[in-house]
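# Coordinate analysis (summary)
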Amino acid sequence: MISIIVSTRKSDTQLARFSENIAHTIGVEHELVVIENDRKYSLCQAYNLGVSRARYAFCCFVHDDVSFETENWGKLLVETMLHQPDLGLTGVAGTQFKSSYPSAWGQSPALGRFKKGHIFHQINGKRTYLEFDTNPENSDFDDVVCLDGVFLFTRKNIVEKCRFDEELLTDFHGYDIDFSLQVYFAGFRAIVDRRLRIVHSSGGSYSPQNTIANRLIARKWKKQLPVAAQVCSLATWQMRLLDCENWCYFLWQAAVRKLSGR
């Protein structure tokens, strides 16, 4: 029922542990669609190619250094999506507000209260738990507008309509923000599912390519941004004020770096 699509430079032997973990935890019929990608494709190209090869009705895009600790996670995600026809995208971490400023989904501390979800990082044997919100209501789900690309779950017919923008994003960054916005503006909901417990063997990194991708995305969606999940019930003036706060924070940071010579 689920096509797991992964872009990787690893050999079949190196991917064996990743494949075995999925097989032991997913709980439903699945296939692993491996796109061998030693910089032959951008990540958008690799994922679109994976979709063209996928045989099942649901697609999962995941990094090759992830392991799953939730039993029957695939069954849980499929059942949730089948019972909510307006649900188009599921992840483990994201934000309920996306500013027009060209930044990643985390954005500035001023928008920290809109972060949702959680994830484990395990690097050099040390495990760190990142909880992006306190979740006072102890809910399993939260509506968001952007998701982190470490894990994305959707229907195949949605990703066939909202393809990863390989013409705009020609590297390995920004694909998650742009795809999330495509799904959201196509009229589908995006959510964080806290029942899913995954461990990522990487802390991520930020490079000049991230900045380039974020600027391209901001330009593409400038007429629709800022945007907030409907559950936030923010008026237009409130979104504009938050957007202004975010811009001021990053411009101030840039000025500080310039003055300090960094």
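Structural notes, computed from the coordinates. In this convention, every chain numbers its residues from 1, walking through the sequence in written order. Owing to the predicted nature of the model, reporting of local features is limited to residues with pLDDT of at least 70; listing and counting of side-chain atom pairs is limited to 80 or more, with chain, interface and lining totals taken over all residues. The side-chain quantities take in all heavy atoms of the structure and omit both hydrogens and water.

With that out of the way, let us pick up the overall build of the protein chain. Counting its secondary structure elements, the protein chain contains seven helices and 15 strands. Here the radius of gyration uses the C-alpha set of atoms, whereas the globule reference equals 2.2 Å times the residue count to the power 0.38. Here the C-alpha atoms of the protein chain give a radius of gyration of 18 Å, agreeing with the 18 Å that 2.2 N^0.38 yields for 262 residues. Across its three principal axes, the protein chain shows a C-alpha extent of roughly 50 × 40 × 40 Å. Between buried and exposed lies partly exposed: a residue is buried under 20% and exposed over 50% of the maximum accessible area for its type, with that area taken using a 1.4 Å probe on protein chains only. Classification of the 262 residues of the protein chain by burial places 50% in the buried group. It only takes one pair of heavy atoms within 4.5 Å for two residues to be counted as in contact. Of all intrachain contacts in the protein chain linking residues separated by at least 6 positions in sequence, the fraction that spans at least 24 positions is 80%. For the accessible areas, the method is Shrake-Rupley and the probe is 1.4 Å, while residue cover comes only from the protein chains on display. In the form shown here, the protein chain has an accessible surface area of approximately 13,200 Å², with 50% of it arising from carbon and sulfur atoms. Each helix corresponds to a stretch of at least 4 residues labelled H or I by DSSP, and each strand to a stretch of at least 2 residues labelled E; elements are numbered beginning at the N terminus.

Its location among the elements puts phenylalanine 151 in strand E12 (residues 151–155). Since its relative accessible area comes to 0%, phenylalanine 151 is described here as buried. It is 24 Å that separates the C-alpha atoms of phenylalanine 151 and cysteine 232, two residues lying 81 residues apart in sequence. Not counting chain neighbours up to four residues away, the residues in contact with phenylalanine 151 comprise Cys60, Phe61, Val62, Phe68, Trp73, Leu77, Thr90, Gly91, Val92, Leu196 and Ile198.

Turning our attention to the side chain of serine 99. Structurally, the position occupied by serine 99 is in the loop between strand E7 (97–98) and strand E8 (115–123). Residue serine 99 is classed as buried on the basis of its relative accessible area of 0%. Ignoring any residue separated from it by four or fewer positions in sequence, one finds serine 99 in contact with Gln107, Leu111, Leu225, Pro226, Asp243, Asn246 and Trp247.

Let's shift gears to the nonpolar core. Counting residues in each nonpolar core, the largest one holds 71 residues, and the members touching the most others are Ile2, Phe61, Phe68, Trp73, Phe151, Phe153 and Ile198. In terms of residues, this core owes the most to one element, helix H5 (residues 175–185), which gives six residues. Discounting chain neighbours no more than four positions away, the residues touching phenylalanine 61 are Ile5, Tyr47, Val51, Gly149, Val150, Phe151, Leu152, Thr154, Val159 and Phe164. Buried Ala, Val, Leu, Ile, Met, Phe, Trp, Tyr and Cys residues form a nonpolar core when they are joined through side-chain atoms within 4.5 Å.

Bringing the pattern of salt bridges into the picture now. Between Lys or Arg on one side and Asp or Glu on the other, a salt bridge is scored when a side-chain nitrogen of the former is within 4 Å of a carboxyl oxygen of the latter. Per the stated rule, a full pass over the model turns up 13 salt bridges. When the shortest N-O distance is used, the salt bridge between arginine 194 and aspartate 142 registers 2.7 Å. Separated by 52 residues along the polypeptide, arginine 194 in the loop between strand E13 (189–193) and strand E14 (198–200) and aspartate 142 in strand E10 (residues 141–144) bring together distant segments of the chain. The same class applies to arginine 194 and to aspartate 142, which are both buried. It is possible to trace a salt-bridge network through shared partners that takes in Lys116, Asp133, Asp142 and Arg194.

Below, the discussion takes up H5. Within H5, 10 of the 11 residues are buried, which leaves the element mostly enclosed by the surrounding structure. The complete set of buried residues in H5 reads Tyr175, Asp176, Ile177, Asp178, Phe179, Ser180, Leu181, Gln182, Val183 and Tyr184. In the stretch just after H5, glycine 187 is the one whose phi turns positive, near 100 degrees.

Attention shifts here to the packing of H5 against helix H6 (residues 208–220). H6 packs onto H5 with a crossing angle of 20 degrees between their chain directions and a minimal axis gap of 10 Å. Our classification of the angle between H5 and H6 gives roughly parallel. Considering how the two elements wind past one another, H5 and H6 form a crossing that is right-handed. Contacts between H5 and H6 involve Ile177, Asp178, Leu181 and Gln182 from the first element and Asn214, Ile217 and Lys220 from the second. Looking at the contact of H5 with H6, its residues break down into three nonpolar, two polar and two charged. Lines fitted to C-alpha atoms define the axes, with helix axes restricted to the stretch in contact, and inter-axis angles between N-to-C directions lie between 0 and 180 degrees. Every angle not falling under 35 degrees, over 145, or within 65 to 115 is termed oblique; those three ranges are roughly parallel, roughly antiparallel and roughly perpendicular. Left-handed is the label given to a crossing in which the near helix is rotated counterclockwise from the far helix by less than a right angle, and right-handed is the label when the rotation is clockwise. Residues are grouped as follows: nonpolar covers Ala, Val, Leu, Ile, Met, Phe, Trp, Tyr, Cys and Pro; charged covers Asp, Glu, Lys and Arg; every other residue, Gly included, is treated as polar.

So, about the packing of aromatic side chains. Pairing of aromatic rings covers Phe, Tyr and Trp, the last through its six-membered ring, and needs centres within 6.5 Å; plane angles under 30 degrees mean stacked, over 60 mean edge-to-face, and all others mean tilted. Considering all chains together, one arrives at 19 aromatic pairs under this definition. Ring geometry for phenylalanine 68 and phenylalanine 151: centres 5.9 Å apart, planes at 75 degrees, overall edge-to-face. In this pair, phenylalanine 68 is assigned in strand E4 (residues 66–68) and phenylalanine 151 in strand E12, connecting sequence segments 83 residues apart. The two residues phenylalanine 68 and phenylalanine 151 agree in class, both being buried. Where phenylalanine 164 meets phenylalanine 179, the ring centres are 4.3 Å apart and the plane angle is 20 degrees; that geometry is what we call stacked. In this pair, phenylalanine 164 is assigned in the loop between helix H4 (156–161) and H5 and phenylalanine 179 in helix H5, connecting sequence segments 15 residues apart. Relative accessible area serves as the criterion here: at 2%, phenylalanine 164 is assigned to the buried category. Judged by its relative accessible area of 0%, phenylalanine 179 falls in the buried class. An aromatic cluster is defined as three or more aromatic residues linked by ring pairs; in this entry it consists of Tyr47, Phe61, Phe164, Tyr175 and Phe179.

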